[in-house]
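What the coordinates show
Spelled out from the first residue to the last, the chains are:
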Amino acid sequence: MEAYILSLVVFGALNVMLALGLNMISGFCGQISLGHAAFYGTGAYAAALLSISGLPFAASLALGALVAGALGLVVGFATLRVREDFLAITTMGVGFLFLGFVRKQEWLGGEFGVAQIPSPLSPLGFAVLAVGGALAMVALSLHLRRSWMGEVFRAVAADEDAASTLGVDTARYKLWAFVLGTACAGFAGGIYAHVTGLIVPDAFDFIQSVTILAMVVVGGIGSTWGVLAGAVLLTLMPELFRFVNDYKLLIYGALLLAVMRWSPSGLAGLAALVRRALRSSPA
Amino acid sequence: MFHLELLVVGLIWGAMYAMMALGLTLVYGLLRILHVAHAGVFALGAYAGVLTANATGSLWLAVPAAIGVAAAVGPLIYRFIYAPMLSRPPYVALIASIGLFIAMEDGFRLLFGPYGLPFDYNPWFVTTYSLGGISLNVVQIAMAVSTLVLAGAFGVFIAATRVGVAWRATVSDPQMAQSFGIDPVRVRYLNFAIGSAMAGAAGLLVGLLNNLVEPGMGAVVSYKGLAIIVLGGLGNVPGAVVASLILGVVESFGTVYLAAVLDRDAIAFAVLIAVLLIRPRGLFAPAR
Amino acid sequence: MSLLEARDLSVTFGGVHAVRGVDIAVERGELLGLIGPNGAGKTTLVRLLTGAVRADAGTIRFDGHDITRAPAYARARQGLAMTHQLVRPFRDMTLAENVSLAAAHAVTARPLAALLRTGRGAARRRAGELLERLEITEFAGRGAATLPLGVQKRLEMGRAIAIEPRLLLLDEPLAGLNQTEAARLADLIATLNREGLTVVLVEHNLAEVLRIATRLLVMVEGAVLASGAGSEVMRRGDVRAAYLGESRAGTGEGRGARG
């Protein structure tokens, strides 16, 4: 039972990191990415291989995040000229390309992935690490929103060309968003690889990207607290309601659809509505 | 000979992609929506076809069933999902569409089982003809022929009929079209009906070709369809057809020559990304 | 040396020469009115100068530096600001936030500094001054998308001035405003110019342009037709001919036409 709870905590925290990272790119900076799982996978593979080669755990984690961030930089750079719908499809393509590449690489274990990744921490240790990492990312996300960079991100999301007439190098800011967001995913990937001890390519497929996106969107794209809530909710939902597990994708899909249809700003938008209603009605 | 065979097989797959991509690019051209759930309609057509064929024992009845069900569902998707979202930022409809597609896929799995449904009786699959030394079954021939017929009919429809002209006018300037008495909403329904009918037909043909209709059959086609319409220049109908054929051929050769580096389904995106790096608005995008 | 000098600028869109072989020099301290019938290429010229559109041929020098190949943001940093013909505020930000962001240009020029800093004080004060100046303080906390057009036009101008430009390119700032609003905004533009800001004013409202411009430049069919003092230029036969058919020209009527 305790092991179950601890693993739930770890996966919840990993999802929080993934969702917050994607939110930096898509929510804050307005660059829709449909391939976030590729960076999660990059971090996982990099950290796993480094660990197996004998590097200390902490260094593997850090390098995993770094490699994912570097790939984020490359992808960001390659997609700089591509906007909106084109960007969404291109990032989706990056996800498929990652998968198609990894599956065929013998040195990455092909379809079978990488096994026997060292497990340096106890389950409790992993839970503490993951929660600590998630909290650090919440702090980073909140700071980012308040910083001038966050303000520029809002402007870029609203109107890139208008932002550049104010002297803002929009390309560099978009790259920052990509690097920060993908490094978060890479860090989460490193933890994931060491927790499970085994990684396979299919863990980082399009459905995983969409699942992360679902957390962001259900929580409320652009809102740190909303996304945090979305990630926790979508992690717990299949666990709390056992029957949900069998219909997981059906429900994820329906949830995405329903949120977009009736409340595009997600839980955060609903919370804002409730707050406003409470304020305006004499209590 | 081997290369010729790769070329022909590639073109046939390309023809199937074109049937998918036409619907996608029609929707994009009219509404600026990346209609991912189009692949759900594709799979739905295949299911309608296989269920009809197995219930009645007639493959011929499966054709109208697949096309009819798909053509009915497409406009419903527009009415109940996209229409209320048109004023929102583009990602809203895109994410909703992904959600709908995933839900449909899982719905098929829950209703008809994870392993899919084979055709009880599929003579088209086993009847083969030899054309210039290349052996093709009836389904493959049907795929090529129906794409030619559909694309041709569509071209005539667009160029020569009243409704087609209305459609074109609505795509290029909705307000102008409206002032000439064209009802843009009706054009949209028509658009979804035609595009979905083609997807349903494509779905049935792919089901026949694999002799299996399975829940996930739409997924890869759907994402490739998006890659294709981006390659073709979003909303550009001839561009989408040419890009489909190119992709079919590249994949066909790629599975032989790139197999060590990339799997088949990633090739589309490798091509896509390479092209977008050079031409960020696709191969056949109009000038600014 | 002129503040801005463009030589032989040309650009083609889909086979149409939108701007062909334009030479233009903007002198320090002047308020240059750029006029011409619809489709004359005025907006395209502004977009060429600010870097929104790349020239097919020609050179642009700003304060002695060749900026022909410089991206839009780099030109803005050198002191070339613009307003858009169709207003483009950052829609989900308040008016004050819009202008503050522009006022923080020294911070936002360096992403790392922008990441580390959160203090809004200085930028907000500067934005407050500008809003005061533009007489839109009362709207400071309102969402930019919800503001009336007159306010949005001033917001555009405030944002442009906030980056402390040396040259301000205004693309039809008076379009869509009523006569009183247009006259007041024109007065403000004239005042800014008297205080030392060089201005290029693209405008269809000829009455206001003639009133405040220190020099006129007339464009027709993508080329410069005439340049000189307002009254002189308007007396020329070819200029009058170019405006024939532009029925509303010279009446000073506000309009939302494309340039």
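Source: prediction; values computed, not measured. (Residues numbered from 1 in each chain as written. Chains lettered and ligands numbered in written order. Predicted model: local features only at pLDDT ≥ 70, side-chain atom pairs only at ≥ 80, totals over all residues. Heavy atoms only, no water.)

Here's the deal with the sheet that holds strand β1 (residues 4-13) of chain C
Two modes of strand pairing occur in sheets, parallel and antiparallel, and in both the strands are linked by backbone hydrogen bonds. Residues and elements named next belong to chain C. The strand order across the open sheet formed by 4 strands is β2-β1-β4-β5, and the pairing between neighbours is antiparallel. A single partner strand is all that each edge strand has here, and the edge strands are β2 (16-26) and β5 (65-66). Sheet topology places strand β4 (residues 57-62) next to β5; 2 bridges connect them, and they run antiparallel. For R61, the partnering residue across the bridge sits in β5 and is D66. Lying over the sheet, helix α1 (residues 42-50) contacts β1, β2 and β4, oriented at roughly 115 degrees with respect to β1. (Pairing = 2+ DSSP bridges. Helix = DSSP H or I, 4+ residues; strand = E, 2+ residues; numbered from the N terminus. Contact = heavy atoms within 4.5 Å. Axes fitted to C-alpha atoms, helices over the stretch in contact; angles between N-to-C directions.)

Let's talk about the sheet that holds strand β8 (residues 198-202) of chain C
Residues and elements named next belong to chain C. Read from one edge of the open sheet, 6 strands run β6-β7-β8-β3-β9-β10, paired in mixed fashion. Two strands bound the open sheet, and with one partner strand each, they are β6 (80-83) and β10 (223-228). Shown here is a sheet whose adjacent strand axes are inclined to one another by a mean of 20 degrees, direction ignored. Bridging between β6 and strand β7 (residues 167-171) involves 4 bridges; their strand directions are parallel. Opposite T83, over in β7, you have L170 as the bridge partner. Sitting on the sheet, helix α7 (residues 149-162) is in contact with β6 and β7, with an inclination near 175 degrees to β6.

Quick look at the packing of aromatic side chains
Centre distance and the angle of the planes are the two values used to describe a pair of aromatic rings. Under the criterion given, the structure shown has 19 aromatic pairs over all chains. Aromatic pair F206 of chain A and Y223 of chain B: ring centres 4.5 Å apart, planes at 55 degrees, arrangement tilted. In this pair, F206 of chain A sits in helix α9 (residues 206-219) while Y223 of chain B sits in helix α10 (residues 217-231), so the two residues belong to two different chains. Here Y223 of chain B falls in the buried class, since its relative accessible area comes to 4%. An angle of 80 degrees between the planes, with centres 6.2 Å apart, marks the rings of F101 of chain B and Y223 of chain B as edge-to-face. Linking F101 of chain B in helix α4 (residues 90-112) with Y223 of chain B in helix α10, this pair joins segments that are 122 residues apart in sequence. Under the relative-accessibility criterion, F101 of chain B is labelled buried at 1%. One aromatic cluster is present, formed by F11, Y40, Y45, F98, Y192 and F204 of chain A through successive ring pairs. Its end group placed over the ring of W148 of chain A, R120 of chain C keeps NZ or CZ at 4.6 Å from the ring centre. Positioned above the aromatic ring of F90 of chain C is the side chain of R159 of chain C, whose terminal nitrogen or guanidinium carbon lies 4.5 Å from the ring centre. (Phe/Tyr/Trp six-rings, centres within 6.5 Å; stacked < 30°, edge-to-face > 60°. Buried < 20%, exposed > 50% of the residue type's maximum accessible area, 1.4 Å probe, protein only. Lys NZ or Arg CZ within 6 Å of the ring centre and 35° of its normal.)

So, the nonpolar core
Grouped together as the largest cluster of nonpolar side chains are 241 residues, with contacts concentrated most on I199 and F204 of chain A. Among the elements that make up this core, the one with the highest residue count is helix α1 (residues 2-31) of chain B (13 residues). Both domains that meet at this core, namely domain 1 (23-217) and domain 2 (218-288) of chain B, each give it at least three residues. What F204 of chain A contacts, discounting residues up to four positions off in sequence, is A37, A38, Y40, G41, A44, Y45, F98, L99, Y192 and I199 of chain A. L3, A6, A55 and L217 of chain C belong to the second largest nonpolar core, which has 32 residues in total. (Core = buried A, V, L, I, M, F, W, Y, C linked by side-chain atoms within 4.5 Å. Domains from an automatic or database assignment.)

Let's talk about a nonpolar patch on the surface
All names here are of chain A. On the surface, a nonpolar cluster with roughly 550 Å² of combined accessible area is contributed by M1, Y4, I5, V9, V131 and L135. Listed by contribution, the elements that provide at least two residues to the nonpolar patch are α1 (2-28) and α5 (123-146). For the nonpolar patch, the leading source of residues is α1, giving 3 residues. By secondary structure assignment, the location of Y4 is in helix α1. (Patch = residues over 30% accessible without salt bridge, like charges linked within 9 Å, V, L, I, M, F, W, Y side chains within 5 Å. Areas by Shrake-Rupley, 256 points an atom, 1.4 Å probe, with all protein chains shown as cover. Salt bridge = Lys/Arg side-chain N within 4 Å of Asp/Glu carboxyl O.)

Notes on the interface of chain A and chain B
In this complex, chain A contributes 38 residues to the contact, which on the side of chain B involves 45 residues. Area buried by chain A at its contact with chain B is led by D85, F86 and I89 of chain A, which between them contribute 18% of it. On inspection of chain A and its partner chain B, the count reaches 0 salt bridges. The tally of links from chain A across to chain B stands at 2 residue pairs in polar contact (both at pLDDT 80 or more). Where the side of chain A that touches chain B is concerned, the elements lending two or more residues are α4 (84-104), α9 and α12 (248-262) of chain A. Residue contributions to the side of chain A that touches chain B peak at 14 residues, all from α4 of chain A. Residue composition of the side of chain A that touches chain B, grouped by class: 26 nonpolar, 5 polar and 7 charged. (Buried area = accessible area lost by both parts, 1.4 Å probe. Polar contact = N/O pair within 3.5 Å; in protein donor to acceptor, adjacent residues only side chain to side chain. Nonpolar A, V, L, I, M, F, W, Y, C, P; charged D, E, K, R; others polar.)

Notes on the confidence of the model for chain B
Overall, the prediction assigns chain B a mean pLDDT of 84, with 98% of residues at 70 or greater. No element of chain B has a lower mean pLDDT than helix α8 (residues 174-179) of chain B, at 72, and none a higher one than helix α2 (residues 38-56) of chain B, at 93. (pLDDT = per-residue confidence, 0-100.)

Focus on α10 of chain B
In an α-helix, one turn spans 3.6 residues, which is why side chains three or four residues apart end up on the same side. An ideal rise of 1.5 Å per residue puts 21 Å on 15 residues; α10 of chain B measures up with 22 Å between its terminal C-alpha atoms. Of the residues trailing α10 of chain B, G233 of chain B is marked for its positive phi of about 90 degrees. (Expected span 1.5 Å × (residues − 1).)

A short note on the domain arrangement of chain B
All names here are of chain B. Taken domain by domain, chain B comprises domain 1 (23-217) and domain 2 (218-288). Taking both sides of the interface into account, the surface hidden between domain 1 and domain 2 amounts to around 1200 Å²; carbon and sulfur atoms contribute 77%. Summed over the three residues of domain 1 that lose the most area to domain 2, namely L24, T25 and Y28, the buried surface amounts to 39% of that side. The interface formed by domain 1 and domain 2 contains 0 salt bridges. At the boundary of domain 1 and domain 2, one finds 2 residue pairs in polar contact (both at pLDDT 80 or more). Of all the elements in the fold, those that place two or more residues in the side of domain 1 that touches domain 2 are α1, α2 and α4. In terms of residue count, the dominant contributor to the side of domain 1 that touches domain 2 is α1 (5 residues). In terms of residue class, the side of domain 1 that touches domain 2 is built from 12 nonpolar, 3 polar and 1 charged.

Brief notes about the packing of α1 of chain B against helix α7 (residues 162-172) of chain B
All names here are of chain B. Close contact between α1 and α7 brings their axes to 7 Å; oriented N to C, the two are set at 55 degrees. The angle between α1 and α7 falls in the class oblique. Seen from α1, the contacting residues are L26, G29 and L30; seen from α7, they are W167, T170 and V171. When grouped by side-chain class, the residues that make up the contact of α1 with α7 number 4 nonpolar, 2 polar and no charged. (Parallel < 35°, antiparallel > 145°, perpendicular 65-115°, else oblique.)

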